[in-house]
Amino acid sequence: MKNIVKALLGSAAIAMMAAPASAATLDDVKAKGHVQCGVNTGLIGFSAPDDQGNWKGLDVDFCRAVAAAIFDDPEAVEFTPLSAKDRFTALQSGEVDVLSRNTTWTISRDTALGLNFAGVTYYDGQGFMINAKKLEGINSALQLSGAAVCVQAGTTTELNLADYFKANNMEYSPVVFEKFEEVNAAYDAGRCDVYTTDQSGLYAVRLNLTNPDDHIVLPEIISKEPLGPAVRHGDDQWFDIVKWVYYALVNAEELGISQANLEEKMNSDNPEVRRLLGTEEGTKLGTDLGLTNDFAVRAIKHVGNYGEIFERNVGADSPLKISRGINALWTKGGLQYGMPIR
Amino acid sequence: MATPQSTVEGAAPRVPLFYDPRVRGIAYQVLVFAGLVALIYWIIGNTTANLQRANIASGFDFLQGRAGFDIGDSLVEYSSDSTYGRALFVGFLNTLRVAIVGIITATIIGFIIGIGRLSKNWLINRICLVYVEVFRNIPPLLVIFFWYFGVLSVLPLPRESIDLPLGSYLNSRGLYFPRFLWGEGAWLVLVGLVLGIVFTFFVRRWAHRRQMATGEQFPVFWTSVALIGGLPLLAFLLTGLPLSFEFPELSTFNLRGGIQVRPEFLALYLALSFYTAAFIAEIVRAGVLGVSHGQSEAAQALGLRSGQSMRLVIIPQALRIIIPPLTSQYLNLTKNSSLAVAIGYPDLVATGGTTLNQTGQAIEVVAIWLVVYLGLSLGTAGLMNWYNARMALVER
Ligand SMILES: N[C@@H](CCC(=O)N[C@@H](CS)C(=O)NCC(=O)O)C(=O)O
């Protein structure tokens, strides 16, 4: 019933919106005094509230960076936890300004759902996790025929799963839940043999299982899951802002600008650094975006560059300990590539 | 709008039209109606504009698209290659299935508990009272969670399945039964069953007439049992036992073969049945108490045994009181079945939600939900009203 009500409200919102909420998101955001950011309901490393109820994670930090770029205040953001199924309605109906919730960039989400993806903050791929204690001798996803698989509804995961088993002529019995905690609880209770989602998600989920050490992630990666922040169609300025905050963070890492040395870099005479930090004489790069020329400085000052955000939330300084892998800078063999700021 | 100048002609006291309550009433209704039409017009116009702006194509064409997702529990052929329309249909059948078996079970339990509440046996009476109070006062979602996570977590994994009689098993993946595999000539058994039912029908009519005419009773019950049970059995023996079983067997992960009833369905079905039964029990109790005491005394005076007086005198009268509120319990059960999403039973709301999420067709999917639930409710209500009319006192 609750879901019907939610969807009803969503469609009612679409019916009632007097003026399209998408017209000038930046003005709306400034008037509200904060960015409304759609996040995950609790995926460690990406967006989850800590013991004190503060939201933490890579997706969360990205929203804080946007808020900092606009308001010079990383706290000028409010979070709306969204399930996989509800997230797009929430963005379309204007309930959130940005959707930063480990969401895979796909063509139909870009077109049929009317989203604009601002970039890829984390390159991921779908994997499988099993309880190695209970299923000895299984070390490849190709041995999974006949298994019961737990998966969350409304995800690309659900679709890739169907494709993968079909392509490999294997059977499976899908056990599909709408809520994240329910998938986790069902897997933990032994309702299914396999848990499947984005690989980063598997590591995060494993941390919260009763006996994390019993579970292994199988080596196969069966899909491409480029995860990134999205905004709705129809507001190019807002799209640009979100996109260039992301590129500014990557460029900052490329140029070696971090939270620690920002002060010193402000006096740099490297023209590239000066353009990014808005210290160039007569620059209009930031104001053309609708922000101030020091928007990148504000973002870096409060949340750090891309690499710092990564390490803090999912990398070496986090419980997940995920290596940079393909999320390293392009100069180091990865895929992160900051478009030129000029 | 009415004009205040004109007046009503005739014998009635001359009141200016403006103050005539009838005219005013009509005027208000016209105003409200016009307002409503304007509102609907505005909503439709606004929706279309906003949808276009949000780049969401409208219409039901998306139902023909490939769904791409699998559904765990389906009564009809379905795979990820099927269409969204098919996925919704599968969800609809699942809703219908849990609603129908839930209604039947809830009614049976409800009647037993309701009659039990009236029992003179203190223990039975108290047990039934506790049942009613417990289930009536817990939100249905909690009951569902109890059956799902509570029971699921104590059930063993497939390798340590609990053996049940007749080659059935119970484990955390559900309940497994052997599957009947009918061989050649098995259709004769079905023919036997149909014939048995038809004959029974005629025997009953004949026996009733004869009893009316002569007062002689005929052992209708046992004849029915013999006909309905015996004819198929005879056909079964004559065709040389055309039946084999497919037993569930352990494979790497799960039991294979046989029939599997998934725990999501079991949990939802049990929860809805037990929850609604508590309300039905109270309705039944009220219905029976509502039949005046004189009726049972009269039945006794006629020499009917207590079972007979319950069956022939009390219950038929009580049904008249019971059926209307029972209908609304049936509607509740059907609507509560949408709580299925909470435990991953693929009902209409679940498959519709996934479709909505993938296609973005919010308005259309919500419209389908509304129409289907409305249709189910009206259908149930219609059926119950028909039954109620049949049960109603026939005035002579
Ligand atoms: N990247 C995939 C899957 C994203 C997803 O929703 N993953 C799940 C499993 S890790 C999740 O984060 N659920 C958390 C929630 O619903 O709050 C997508 O965009 O469809």
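The structure presented is a predicted model; accordingly, all values stated were derived computationally and were not measured.

A.B. asks: Which residues make up the site of the ligand, and what values go with them?
C.D. replies: Residues and elements named next belong to chain A. Near the ligand, the surroundings consist of 21 residues, among which N40, T41, T104, Q152 and T156 are the closest. A distance of 2.6 Å is found between an oxygen atom of the ligand and a side-chain nitrogen or oxygen belonging to Q152. Surface burial for the ligand is 99%, taken as the share of its 500 Å² of free accessible area covered by protein chains. Its residues assigned to classes, the shell around the ligand comprises 5 nonpolar, 11 polar and 5 charged.

A.B. asks: I'd like a rundown of the pattern of salt bridges, residues and numbers included.
C.D. replies: Applying the stated criterion across every chain, the model contains 23 salt bridges over all chains. Salt-bridge contacts for A:D50 lead to A:K56; the nearest nitrogen and oxygen are separated by 3.0 Å. Under the relative-accessibility criterion, A:D50 is labelled partly exposed at 23%. We classify A:K56 as partly exposed; its relative accessible area is 45%. Linking A:K243 and A:D240 is a salt bridge whose minimum nitrogen-to-oxygen distance equals 3.7 Å. With A:K243 and A:D240 both in helix α9 (residues 236-254), this residue pair falls 3 residues apart, about one helical turn. Via salt bridges that share partners, A:D163, A:K166, B:R66 and B:D81 belong to a single interconnected network.

A.B. asks: Give me the lowdown on the interface of chain A and chain B, citing residues and values where you can.
C.D. replies: Taken together, the contacts link 53 residues of chain A with 55 residues of chain B. A buried area of about 4,300 Å², summed over both sides, lies between chain A and chain B, and 57% of it is on carbon and sulfur atoms. At the junction of chain A and chain B, the tally comes to 4 salt bridges. Here B:R173 ties to A:D193 by a salt bridge, and the two come within 3.1 Å at their closest N and O atoms. Summed over the shared surface of chain A and chain B, the result is 12 residue pairs in polar contact (both at pLDDT 80 or more). In terms of residue count, the dominant contributor to the side of chain A that touches chain B is helix α1 (residues 2-16) of chain A (8 residues). Its residues assigned to classes, the side of chain A that touches chain B comprises 30 nonpolar, 13 polar and 10 charged.

A.B. asks: Before we move on, can you summarise the nonpolar core with the specific residues and values?
C.D. replies: The biggest cluster of nonpolar side chains holds 121 residues, and the ones touching the most others in it are A:V35, A:W238, A:I257 and A:L276. Considering every element that reaches this core, the biggest residue donor is helix α7 (residues 263-289) of chain B, with 14 residues. Every residue in contact with A:V35, bar those within four places of it in the chain, is listed here: A:V29, A:V66, A:A67, A:I70, A:F71, A:A76, A:V77, A:E78, A:D97, A:V98 and A:W238. Judged by nonpolar contacts, the second largest core, of 21 residues, contains A:L135, A:V151, A:Y164 and A:L218.

Rules used throughout
Residues numbered from 1 in each chain as written. Chains lettered and ligands numbered in written order. Predicted model: local features only at pLDDT ≥ 70, side-chain atom pairs only at ≥ 80, totals over all residues. Heavy atoms only, no water. Near = heavy atom within 4 Å. Polar contact = N/O pair within 3.5 Å; in protein donor to acceptor, adjacent residues only side chain to side chain. Areas by Shrake-Rupley, 256 points an atom, 1.4 Å probe, with all protein chains shown as cover. Nonpolar A, V, L, I, M, F, W, Y, C, P; charged D, E, K, R; others polar. Salt bridge = Lys/Arg side-chain N within 4 Å of Asp/Glu carboxyl O. Buried < 20%, exposed > 50% of the residue type's maximum accessible area, 1.4 Å probe, protein only. Helix = DSSP H or I, 4+ residues; strand = E, 2+ residues; numbered from the N terminus. Contact = heavy atoms within 4.5 Å. Buried area = accessible area lost by both parts, 1.4 Å probe. Core = buried A, V, L, I, M, F, W, Y, C linked by side-chain atoms within 4.5 Å.

Interpretation note: all reported values are geometric properties and have no functional meaning in isolation.
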